[in-house]
Amino acid sequence: MAFKDIQGQDLVVQFLKNSIKNNYLSHAYLFIGPKGVGKETTALAFAQGLNCLEYDYLGDSCNKCISCRKFLGGNQPDINIIKPSGLSIKIDQIRELKNKAFYKSYESKYKVIIIDDAHLLTDQASNSLLKILEEPPQNTIFILVTPEPQQLLETINSRCQQVNFNYLSDEIVSLILREKYPEYEQGAVISKFARGSVGEAIEMLNQGDVLENRDNILSFLNNLEDMSIERLLAFAEKWDKDREGVKSFLEIAQIWFRDHLVWKVTGEEMLVINQDYLKQIKTGKYTLDRINRILQILHSSSSALKYNVNPRLILEIMLLKIKKG
Ligand SMILES: [Zn+2]
């Protein structure tokens, strides 16, 4: 896992490369950013780079030296990864880490300790970690990784160098999906729905029925105008008390009409999220006025859903309004 394998986080990668090159290192880093954008992967690349014996100071780990080979084989004893055990990172895990951190490293330049999902540290574990960070052992580098830094102790935050990760572009998400899951043809569409997170996209692929669910909803919306009221109400009934279901219905409908709007206003294919419906969007039957009205209806329905109104009722009213005009 060298730096060259990380996609779409150029600023972060450049910063970390420079830190190694100039030997300007912190005892502790806090990698912050949305889930599924490469924080853990980058932490691993940084750990490898720090210990690579033939590190090319212009660029990257060598992948060949003994440290790199051990790392790639998963048995570099000086690089440790702590993950939540169950729902939290517990005091025992930090105690164990403490022992490791204060022993001299086996053979490497640095001991690197990566704490994944650091916001899941228990209070006790946090305090124990804080003590280590207050008097950090020599040549040990901590990398705390989290999407929710506000849940960490402020005193831990302030002892770490913050490194911020951004959402990825659709193109990068799509590229990574194609590499990882060449068998999935819907990768390009999913990557648009995942809005910048590979993690999110992979979750959607694993759920499998995301696109099928979307197809059903779009087909329903397309037939709405000619549909009998009975059928409309019967459809809404299926979503009785299903707040999550109605929420995802609204999201899918919003993206759908947003696509129509974006196409009408810009005429740019690349901006359309439902790429596999391009043809239908281009020849869409909706006028700009109508699209705007529908988007307003969807927007107020989303707000109503937040205020705990019965989800089925929201769906019924919304569908009747859209049908009417
Ligand atoms: Zn190496």
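Residues numbered from 1 in each chain as written. Predicted model: local features only at pLDDT ≥ 70, side-chain atom pairs only at ≥ 80, totals over all residues.

When you go through the protein residue by residue, the secondary structure sums to 15 helices and 5 strands. The C-alpha atoms of the protein give a radius of gyration of 25 Å, which is well past the 20 Å a tight globule of 325 residues would have. Its C-alpha atoms give the protein principal-axis dimensions of roughly 75 × 40 × 30 Å. The contacts of the protein with a sequence gap of at least 6 include a subset with a gap of at least 24, amounting to 72%. (Helix = DSSP H or I, 4+ residues; strand = E, 2+ residues; numbered from the N terminus. Rg over C-alpha atoms; globule rule 2.2 N^0.38 Å. Contact = placed C-beta atoms within 7 Å.)

Assignment of secondary structure puts Lys285 in the loop between helix H13 (278-282) and helix H14 (288-306). Measuring from C-alpha to C-alpha, the distance between Lys285 and Lys70 comes to 60 Å, with 215 residues separating the pair along the chain.

So, about the sheet that holds strand S4 (residues 140-146). If you walk across this open sheet you meet the 5 strands as S2-S3-S4-S1-S5, and the pairing is parallel. Each end of this open sheet is capped by a strand with a single partner; those strands are strand S2 (79-82) and strand S5 (161-164). With strand direction ignored, the average angle separating the axes of adjacent strands in the sheet is 20 degrees. Where strand S1 (residues 28-32) meets S5, 4 bridges bridge the pair, whose relative direction is parallel. Opposite Phe31, over in S5, you have Val163 as the bridge partner. (Pairing = 2+ DSSP bridges. Axes fitted to C-alpha atoms, helices over the stretch in contact; angles between N-to-C directions.)

All right, on to the domain arrangement of the protein then. According to the domain assignment, the protein contains domain 1 (3-164) and domain 2 (209-324). Using C-alpha coordinates to define each centre, domain 1 is positioned 44 Å away from domain 2. (Domains from an automatic or database assignment.)

With 5 of 5 residues buried, strand S3 (residues 111-115) is to be regarded as a mostly interior element. A two-sided burial pattern is seen for S3, the buried positions comprising Lys111, Ile113 and Ile115 on one face and Val112 and Ile114 on the other. With 4 bridges connecting them, S2 and S3 associate as parallel partners. Bridge pairing in S3 places Asn80 opposite Ile113. Bridge count for S3 against S4 is 5 bridges, and the pairing is parallel. Its bridge partner being in S4, Lys111 is matched across the sheet by Thr140. As for the winding sense of the linkage, the β-α-β connection from S3 through helix H5 (residues 123-134) to S4 is right-handed. (Buried ≥ 20, exposed ≤ 12 C-beta atoms within 10 Å, placed from the backbone. Right-handed = clockwise from strand over helix to strand, strands pointing away.)

Another point: the packing of helix H12 (residues 243-266) against helix H15 (residues 311-324). Orientation of H12 relative to H15, taken along the N-to-C sense of each, is 30 degrees, at an axis distance of 9 Å. Overall, the two elements H12 and H15 adopt an arrangement that is roughly parallel. Between H12 and H15, the contacting residues are Arg243, Val246 and Phe249 on the first element and Pro311, Ile314 and Leu315 on the second. Here the residues of the contact of H12 with H15 are counted per class, giving 5 nonpolar, no polar and 1 charged. (Parallel < 35°, antiparallel > 145°, perpendicular 65-115°, else oblique. Nonpolar A, V, L, I, M, F, W, Y, C, P; charged D, E, K, R; others polar.)

Here the focus is H12. With 24 residues, H12 ought to run about 34 Å at 1.5 Å a step, and its terminal C-alpha atoms sit 34 Å apart, in line with that. Of the positions making up H12, those classed as buried are Val246, Phe249, Leu250, Ala253, Trp256, Phe257, Asp259 and His260. Lining the buried residues of H12 we find helix H10 (210-222), H13, H14 and H15. Remark: Gly267 follows H12 within two positions and exhibits a positive phi of approximately 65 degrees. (Expected span 1.5 Å × (residues − 1).)

Tracing the sequence through the fold places Ile322 in helix H15. Along the sequence, Ile322 and Tyr277 sit 45 residues apart, while their C-alpha atoms lie 21 Å from each other. With sequence-adjacent residues up to four places away left out, Ile322 is seen in contact with Leu224, Ile294 and Ile297.

The nonpolar side chains of a soluble globular protein tend to be buried with one another. Residues Tyr29, Phe31, Ile114, Ile115, Ile143 and Leu144 are the most contacted members of the largest nonpolar core, which totals 45 residues. Of all the elements, helix H2 (residues 39-51) adds the most residues to this core, at 6 residues. Contacts of Ile115, omitting those with residues within four sequence positions, involve Ile82, Ile89, Phe142, Leu144 and Val145. Of all hydrophobic cores here, the second largest spans 16 residues; its members include Ala236, Leu250, Ile291 and Leu315. (Core = buried A, V, L, I, M, F, W, Y, C linked by C-beta atoms within 7 Å.)

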